[in-house]
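Residues per chain, in single letters:
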Amino acid sequence: MSINTANTPDGLGVLLYNGETIVIFAQGVVMTLGTSENQNLEGRRTGTIYLTSHRIIFMPDPGDWLKSFEIPFNNMQDVHLDQPIFGANYLRGVATAVQGGVMRGEVGWRMTFNRGGCIEFGQSLLLAVERAERMRPANAPPAYSPPVGDFYTAPPAYYQPSPDQGPNGFNPTTDSFPDQPNPSRVFITAAPPPYPGIGPERGPQPTEELHVAGQFEAPPAYGESSEGLRRRV
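What counts and how
- Residues numbered from 1 in each chain as written.
- Predicted model: local features only at pLDDT ≥ 70, side-chain atom pairs only at ≥ 80, totals over all residues.
- Heavy atoms only, no water.
- Helix = DSSP H or I, 4+ residues; strand = E, 2+ residues; numbered from the N terminus.
- Buried < 20%, exposed > 50% of the residue type's maximum accessible area, 1.4 Å probe, protein only.
- Contact = heavy atoms within 4.5 Å.
- Expected span 1.5 Å × (residues − 1).
- Phe/Tyr/Trp six-rings, centres within 6.5 Å; stacked < 30°, edge-to-face > 60°.
- Lys NZ or Arg CZ within 6 Å of the ring centre and 35° of its normal.
- pLDDT = per-residue confidence, 0-100.
- Salt bridge = Lys/Arg side-chain N within 4 Å of Asp/Glu carboxyl O.
- Polar contact = N/O pair within 3.5 Å; in protein donor to acceptor, adjacent residues only side chain to side chain.
- Pairing = 2+ DSSP bridges.

1. Description of the overall build of the protein
Helix and strand content of the protein: two helices and twelve strands. From first element to last, N terminus to C terminus, the protein shows the α and β order β-β-β-β-β-β-β-β-β-α-β-β-β-α. Per-residue burial for the protein yields a buried fraction of 50% across its 233 residues. Taking as baseline every contact in the protein between residues at least 6 positions apart, the subset at least 24 positions apart corresponds to 71%.

Spelled out as structure tokens, the structure:
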């Protein structure tokens, strides 16, 4: 898991790796984060969730100091889809901190979907985590590298995945999620993903062929306090 590293500086755009694609986009998602070693992270927030070829990215509605909360598949544990007899369906799991990020330890999380689609999203996520587990490198994933420098406007293929999924195909049913993200809010960095993802292999897009959308500073150093995080976002 990592915070405030999957968003543009204004907090409105989602920031992908160069080669990562959006599989499912859902709004009206409630993310509840449990107690942990990370100050002021606990609580219930409503926002947008992205299931990508490499992770999930949750972006709370504007106004929160937390701009993005991301969990790579390799940092997910104990993911479950619960369907209680009484009450809404929900997803839950545990997120562990990525190497080199600003987080510590692990955080329990829970997701509900105000607009429906929890079962479909959950089935897709469970499949993604299972496939990522099989494709995990023999050694630990490379250290996480926070984005720096320029970011670019993403080509349509990054938020409109190809139906040709290839040998590592991942083509979940997305009938419950007909909406697509606003193209003006999807951006990519120059850096490729640090580990293999699900779906077809996609090489990094040459940055000289992309439109530079802006530049951003390095996120807070590892161990910086949440107060420091709030001052910098």
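Moving on, there is more to tell.
2. Here's the deal with helix 1 (residues 118-135)
Between its first and last C-alpha atoms helix 1 spans 25 Å; for 18 residues at 1.5 Å apiece the expected length is 26 Å, and the two agree. When we look at burial in helix 1, the residues that qualify are C118, E120, F121, G122, S124, L125, A128, V129 and A132. As for helix 1, its buried residues are in contact with strand 3 (22-33), strand 4 (43-52), strand 5 (55-60), strand 7 (76-82), strand 8 (90-96) and strand 9 (106-113).

3. Here we look at the packing of aromatic side chains
The description of two aromatic rings rests on the distance between their centres and on the angle between their planes. Counted according to the given criterion, the structure contains five aromatic pairs. Consider the rings of F151 and F187, whose centres lie 5.5 Å apart with planes at 85°: the pair is edge-to-face. Pair noted here: F151 is in strand 10 (residues 149-153) and F187 is in strand 11 (residues 186-189), with a separation of 36 residues, a long-range link. Residue classification places F151 among the buried residues on the basis of a relative accessible area of 6%. Here a set of aromatic residues connected by ring pairs shows up, and it is made of F113, F121 and F177. Lying across the ring of Y90, R110 places its NZ or CZ 3.7 Å from the centre.

4. Thoughts on the confidence of the model for the protein
Of the residues in the protein, 83% have a pLDDT of 70 or more, and the chain-wide mean is 82. No element of the protein has a lower mean pLDDT than helix 2 (residues 226-232), which averages 37, and none a higher one than strand 5, which averages 96. The low-confidence segment residues 220-233, where pLDDT is below 50, has 26 contacts with residues more than four positions distant or belonging to other chains.

5. Here's the deal with the pattern of salt bridges
Per the stated rule, a full pass over the model turns up five salt bridges. Between D10 and R185 there is a salt bridge whose closest N-O contact spans 3.7 Å. Taken together, the positions of D10 in the loop between strand 1 (2-3) and strand 2 (14-16) and R185 in the loop between strand 10 and strand 11 put the pair 175 residues apart, joining distant regions of the chain. Look at D10 and you get partly exposed, because its relative accessible area is 46%. Classification of R185 by relative accessible area gives partly exposed; the value is 32%. A salt bridge links D82 to R92; its shortest N-O distance comes to 2.4 Å. With D82 in strand 7 and R92 in strand 8, the pair connects residues that are ten residues apart, well separated along the chain. D82 sits in the buried class, given a relative accessible area of 17%. A relative accessible area of 34% places R92 in the partly exposed class.

6. Brief notes about the environment of E209
Of note, E209 is situated in the loop between strand 11 and strand 12 (212-216). The sequence separation of E209 and Y152 amounts to 57 residues, and the corresponding C-alpha distance is 9.8 Å.

7. What to know about the side chain of T8
Mapping T8 onto the fold places it in the loop between strand 1 and strand 2. For T8, the side chain forms a polar contact with the side chain of D10, separated by 2.7 Å. Excluding residues within four positions of it along the chain, T8 makes contact with G13, L15, F151 and F187.

8. What about the pairing of strand 5?
Counting buried positions along strand 5 yields six of six residues, so the element is predominantly enclosed. Burial of the side chains of strand 5 extends over both faces: R55, I57 and M59 are buried on one face and I56, F58 and P60 on the other. Alignment of strand 4 against strand 5, held across five bridges, turns out to be antiparallel. The residue of strand 5 that forms the bridge with T48 is M59. Linking strand 4 back to strand 5 in an antiparallel pair, the connection comprises two residues. With four bridges joining them, strand 5 and strand 6 (residues 69-72) adopt antiparallel strand pairing. Within strand 6, the position partnered with I57 by the bridge is E70.

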